[in-house]
Amino acid sequence: MDGPRIAREKKTVAYMIRLYCERHHADLEHKEGLCDSCAELHQYAHKRLSHCRFGETKTTCGKCPIHCYKPDKRERIKEVMRYSGPRMVYRRPVLAFQHLLDGLKKPRSSR
């Protein structure tokens, strides 16, 4: 079971992927609001968050000392975040602010 920190991170990444997909893949067939490629990325991101070794004490993934994403998925999520991050401030300011605060946490070293 995910705690509140991981649940919030899942909500944030889901919204970021949806924003990106709506803008970049509007012409593709969508299931539940996402194209197949973005739906796959969404599932992958949620799986990685559920298995994060730092759990509720994690910083943002970009500042984590351990990169648990496969290289291709890491590049895709970075592209999504570069697009969606600035737009979150206007569309979901509370989530954006909480994400910024989470990014201020000091990354823990791996055990």
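Residues numbered from 1 in each chain as written. Predicted model: local features only at pLDDT ≥ 70, side-chain atom pairs only at ≥ 80, totals over all residues. Heavy atoms only, no water.

## Concerning the environment of Pro 4
- Among the secondary structure elements, Pro 4 is positioned in helix H1 (residues 4-24).
- Along the backbone, Pro 4 and Glu 56 are 52 residues apart, and their C-alpha atoms lie at a distance of 7.5 Å. (Helix = DSSP H or I, 4+ residues; strand = E, 2+ residues; numbered from the N terminus.)

## Side note on the packing of aromatic side chains
- A complete count under the given rule lists two aromatic pairs for this structure.
- Judged by centre distance (5.9 Å) and plane angle (80°), the ring pair of Tyr 20 and Tyr 83 falls under edge-to-face. With a gap of 63 residues between them, Tyr 20 in helix H1 and Tyr 83 in helix H3 (residues 71-91) connect regions that are remote in the sequence. Each member of the pair, Tyr 20 as well as Tyr 83, carries the same accessibility label: buried. (Phe/Tyr/Trp six-rings, centres within 6.5 Å; stacked < 30°, edge-to-face > 60°. Buried < 20%, exposed > 50% of the residue type's maximum accessible area, 1.4 Å probe, protein only.)

## Examining the pattern of salt bridges
- Applying the stated criterion across every chain, the model contains three salt bridges.
- Here Glu 9 ties to Arg 5 by a salt bridge, and the two come within 2.8 Å at their closest N and O atoms. With Glu 9 and Arg 5 both in helix H1 and four residues apart, the pair spans about one turn of that helix.
- Exposure remark for Glu 9: the relative accessible area of 5% places this residue in the buried category.
- Residue Arg 5 is classed as buried on the basis of its relative accessible area, which comes to 4%.
- For Glu 40, the salt bridge identified is with Lys 73, shortest N-O distance 2.6 Å. (Salt bridge = Lys/Arg side-chain N within 4 Å of Asp/Glu carboxyl O.)

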